[in-house]
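Read off the chains here:
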Amino acid sequence: MGALANAALKIVVAAVASHYAIFKRLEPDAPRFFALVTGGNVVLLTYLSTSGSGVLSVLGSAVAINILYFATLCTSVAVYRLSPFHPLSKYPGPRSRRYQSAKGERHLLLKGLHARYGPWLRIGPNELSVNLPAAIRPICSQMYRGPSYQGAPSDGDSLMTCTTRERYSERLPAWNRAFAGENIRRFRPLAEARTAQLLGILSRKSEEGTQLDLSHWISMWGIDIMGDMSFSGGFEKLTAGKDEEGWTDVILMGVLAVGVLGQVPYMRDILRLAPTPGPIAAFQRLTAKKVEETRSRQKGVHPDILSILQHTEPDEYKITEAEAASDAAFLIVAGWDTVSQCATAFFRYVIADRRVFALLRAEIVDAFSDLDVDYDTLMHLPYLDACVQEALRMVPPVAAGPPRTSGEADYTILGNHIPAKTVVACPIYTLHHSGESGEFSEPDKFMPERWLRERPGFVHNPEAFIPFSSGIGVCLGKPVALYNMKMLAASIIRTFDIDFAEGFSVENFDKSYKEHNLWRHGPLMVRLRARKG
Ligand code: HEM
C-alpha cells in the first residue's frame, strides 16, 4: 500500500513538474505534444516490463499511470489559471472565462461583460479584451496577429494566416501594389458593370411588382465583383440568381472553423490528416484552377489581384501555388461578405427612416440628376458618406476585434502590464456601441448626423471607430469597399422608391442577426418601384 501511494505521489509530482516546465503558459503544438506522449509511454512501458509482470498487468499499470498523470496535469493547469499566481490574475473577468456563444451572440456577451467588469477584461486563460480607444493604436501597431489565425487546415498560408511577422512583411509589398495607383483604379469599372447588371435585375423585378430579398441580391453582386477583381471572373451569381454551388456556406464554414479551431490551433495539424469535406474541396479546386490560369498569364495582362500577387518583382518573395490558392480564398472572404453586410445594414437603416431616406435621395439626385455617377462627386457627398460610416458603426462587418499576441515580449499599454504570450483584442462591436464609456451618444441609434457634427453637445469619438481594424493588418481594401458601397447605394436610391415588403418586421430582422465571425441574418424583404420625378 505504501509503495502504491509512493508511486502515485511520484506521478502527481511528475505531472505538476511537467505542467510547470512545459504546459504552463501555452498548449504545445500537436507534433511536440504527440512526441511527448509517445516518448513518455515508450519509456514507461520499457520500465514497467523490466518488473517481470505479465503483458496485461504492464498495460493496466500504464493506463492507470496515464489517467493519474493527465488528471493531475489538467487539475494543475486549471488551478494555476484561476490562481493569483497567473500573470493575468489582476485583470477582472467571469470565472468561467466563457465568452464564446454558439447562439451567435458573442458580440452582445462581450459588450455585457465589459459593461460589468470595465475596459480591461480577461476572457481566456491567456486572453484580454481591451475596450479603450486610446489602447487601439499601441496594441494594433505593435503586436502581430494572434495564433487563432492558424485555425483553418490548409496547405499554404494566406496573407492573413502567415505565422510570422517576417513572412507577412515579405508578402505585403505585392499586396500593397495590388491596392495602389493604376491597379486600384482598374477595379472601378468592374464594380460599375456589376452594379448596372444588378440594376437591370432589380428593374425587371420592380416592373413585375415582386417583393425581393435585397440582402440576397447584394450578396450575389458582392461575390461577382470579388471574383472579377480577384481572378477576372468565375462566379456569375447575378446571372444565376442564386448560389448554386453553396459557396456562401463553404465560406461561412471556413470562417467558423478558424473561429473554433483558432482556440486550439494545434488541432489544425491533426485535422489536416482528415479528408476535406466535399464543398470545401470543390472551393479549393476552384481557387487552384484560378491560380493556374493567372500564373500562366503574362505579367501585366489582366492585372487582377491574383495575377499581381504571383507576378512579383525579382527581389520579392515568390508565393507558392498553395499560398496563392489560400490568398484567392482569403480575398473572397475579405471583400465579399464584409461589403455585402455593410450595404445590407445601410439599406435596412435608411429604408426604416424616411427622413434620412429623403435627405439622401435629395443629395444624390441633386449631384447626378441624369448624369453618370462619377467617382469624385460620389466620394464627396457628405450625407451619403455619413450614412455609410453610420452603417459601419452600427453593424461592423468584422464584429470581433482582430486578436493580437504579445509574442515573446512583455508590453506596457496605458500603464497596464501585458505579459509575453498573451492574446489581446480591441472588440470592434463593443467599441462602436459603448455608451457606458461615452464614445458615442445614444450608441444604439442610427444617426448619420453624428458624423456631420451637427449636434452640439453630442459625444462623438472617431478614435473608437475601427471597422477596418488598425495598425498591422489594417484593411487594404477600404477604398475599394467604400467606393463599391457608395456606388451601389447611389445607383439604387436614385433609381427606385424603396419600402419594406408587406409583413416585413424590422424588429424580427434585427433579432435574426447572429455573429459567427461573419454575420448571418434573415432576408431583408423590400418592394421597389421605379422613381418618379
Ligand atoms: C466594408 C467592407 C470591409 C470591412 C469592414 C473590412 C474589414 C477588415 C478588417 C477588420 C480587417 C482586419 C482583419 C484581421 O486582422 O483579422 C481587414 C483586412 C483586410 N481586408 Fe478588409 N474589409 C472590408 C472590405 C475589403 C475589401 C473589399 C477587400 C478587397 C478588395 C479587403 C481586403 C482586405 C485585406 C487584403 C486585408 C488584410 C490586410 C493585411 O493583412 O495586411 N477588405 N478588413
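Rules behind the numbers
- Residues numbered from 1 in each chain as written.
- Predicted model: local features only at pLDDT ≥ 70, side-chain atom pairs only at ≥ 80, totals over all residues.
- Heavy atoms only, no water.
- Helix = DSSP H or I, 4+ residues; strand = E, 2+ residues; numbered from the N terminus.
- Rg over C-alpha atoms; globule rule 2.2 N^0.38 Å.
- Buried < 20%, exposed > 50% of the residue type's maximum accessible area, 1.4 Å probe, protein only.
- Contact = heavy atoms within 4.5 Å.
- Donors = N, O, S within 2.8 Å, 3.2 Å for Na, K, Ca; no water.
- Pairing = 2+ DSSP bridges.
- Patch = residues over 30% accessible without salt bridge, like charges linked within 9 Å, V, L, I, M, F, W, Y side chains within 5 Å.
- Areas by Shrake-Rupley, 256 points an atom, 1.4 Å probe, with all protein chains shown as cover.
- Salt bridge = Lys/Arg side-chain N within 4 Å of Asp/Glu carboxyl O.
- Axes fitted to C-alpha atoms, helices over the stretch in contact; angles between N-to-C directions.
- Parallel < 35°, antiparallel > 145°, perpendicular 65-115°, else oblique.
- Left-handed = near helix turned anticlockwise from the far one by under 90°.
- Near = heavy atom within 4 Å.
- Polar contact = N/O pair within 3.5 Å; in protein donor to acceptor, adjacent residues only side chain to side chain.

Asker: Mind showing me how you'd approach the overall build of the protein here?
Answerer: Scanning the protein from terminus to terminus reveals 20 helices and twelve strands. Here the protein has a C-alpha radius of gyration of 27 Å; the compact-globule value for 533 residues is 24 Å, and the two agree. Reported as C-alpha extents along the three principal axes, the dimensions of the protein are approximately 95 × 60 × 50 Å. Within the span of the protein, comprising 533 residues, buried residues form 50% of the whole. Taking the intrachain contacts of the protein between residues at least 6 apart in sequence as the baseline, contacts between residues at least 24 apart amount to 72%.

Asker: How should the side chain of Thr 72 be read in this particular structure?
Answerer: Secondary-structure assignment places Thr 72 in helix α3 (residues 55–82). Taking relative accessible area as the criterion, Thr 72 reaches 13% and is therefore assigned buried. In contact with Thr 72, other than residues within four places in its own chain, are Val 12, Ala 15 and Val 16.

Asker: When you look at the coordination of the iron atom of the ligand in this model, what are you seeing that I'm missing?
Answerer: Each pair of donors in an ideal four-coordinate tetrahedral metal site encloses 109.5 degrees, whereas pairs in an ideal six-coordinate octahedral site enclose 90 or 180 degrees. Protein coordination of the iron atom of the ligand rests on one atom only, Cys 475 (SG), at 2.3 Å. Within the element layout of this structure, Cys 475 appears in the loop between α18 (428–433) and α19 (478–495).

Asker: What should I look at first to understand the sheet that holds strand β4 (residues 212–213) in this one?
Answerer: The strands that make up a sheet pair up through hydrogen bonds in the backbone, lying either parallel or antiparallel. Pairing within the open sheet is antiparallel, and its three strands lie in the order β4-β12-β9. Two strands lie at the open edges of the sheet, namely β4 and β9 (496–500), each paired on one side alone. In terms of strand pairing, β4 meets strand β12 (residues 525–530) through two bridges, oriented antiparallel. Residue Asp 213 lies in a different strand from β12, and its bridge partner there is Met 525.

Asker: Even after reading the chapter, I still don't get a nonpolar patch on the surface, so can you show me in this structure?
Answerer: Together, Leu 45, Val 55, Leu 56 and Leu 59 give the surface a local cluster of nonpolar side chains, amounting to about 410 Å² of exposed area. The leading source of residues in the nonpolar patch is α3, at three residues. Take Leu 45: it is sitting in helix α2 (residues 30–49).

Asker: Honestly, unusual backbone geometry in this entry has me stumped. Any pointers?
Answerer: Residue Lys 421 is not a glycine yet carries a positive backbone phi of 60 degrees. Residue placement: Lys 421 occurs in the loop between β7 (416–418) and β8 (423–425). The backbone phi angle of Asn 517 is positive, close to 70 degrees, even though this residue is not glycine. Here Asn 517 shows up in the loop between β10 (514–516) and β11 (518–520).

Asker: Sorry if this is basic, but what is going on with the packing of helix α6 (residues 165–178) against helix α14 (residues 321–352) here?
Answerer: Angle between the axes and distance between the axes: these two values describe a pair of packed helices. Taken N-terminus to C-terminus, the directions of α6 and α14 make an angle of 65 degrees; their axes are 14 Å apart at the nearest point. Here α14 runs roughly perpendicular to α6, going by the angle between their axes. In this structure, α6 meets α14 at a crossing whose hand is right-handed. Residues Arg 167, Arg 171 and Trp 175 of α6 form the contact with α14, whose own contacting residues are Glu 323, Asp 327, Phe 330 and Leu 331.

Asker: Looking at this model, I keep getting lost on the site of the ligand. Mind explaining?
Answerer: Arg 145, Tyr 149, Tyr 168, Thr 338 and Cys 475 are the nearest of the 29 residues found near the ligand. Arg 145 has a polar side-chain atom sitting 2.9 Å from an oxygen atom of the ligand. Between the ligand and Tyr 149 there is a distance of 2.5 Å, counted from an oxygen atom to a side-chain nitrogen or oxygen. Top element by residues in the shell around the ligand is α14. It accounts for five residues.

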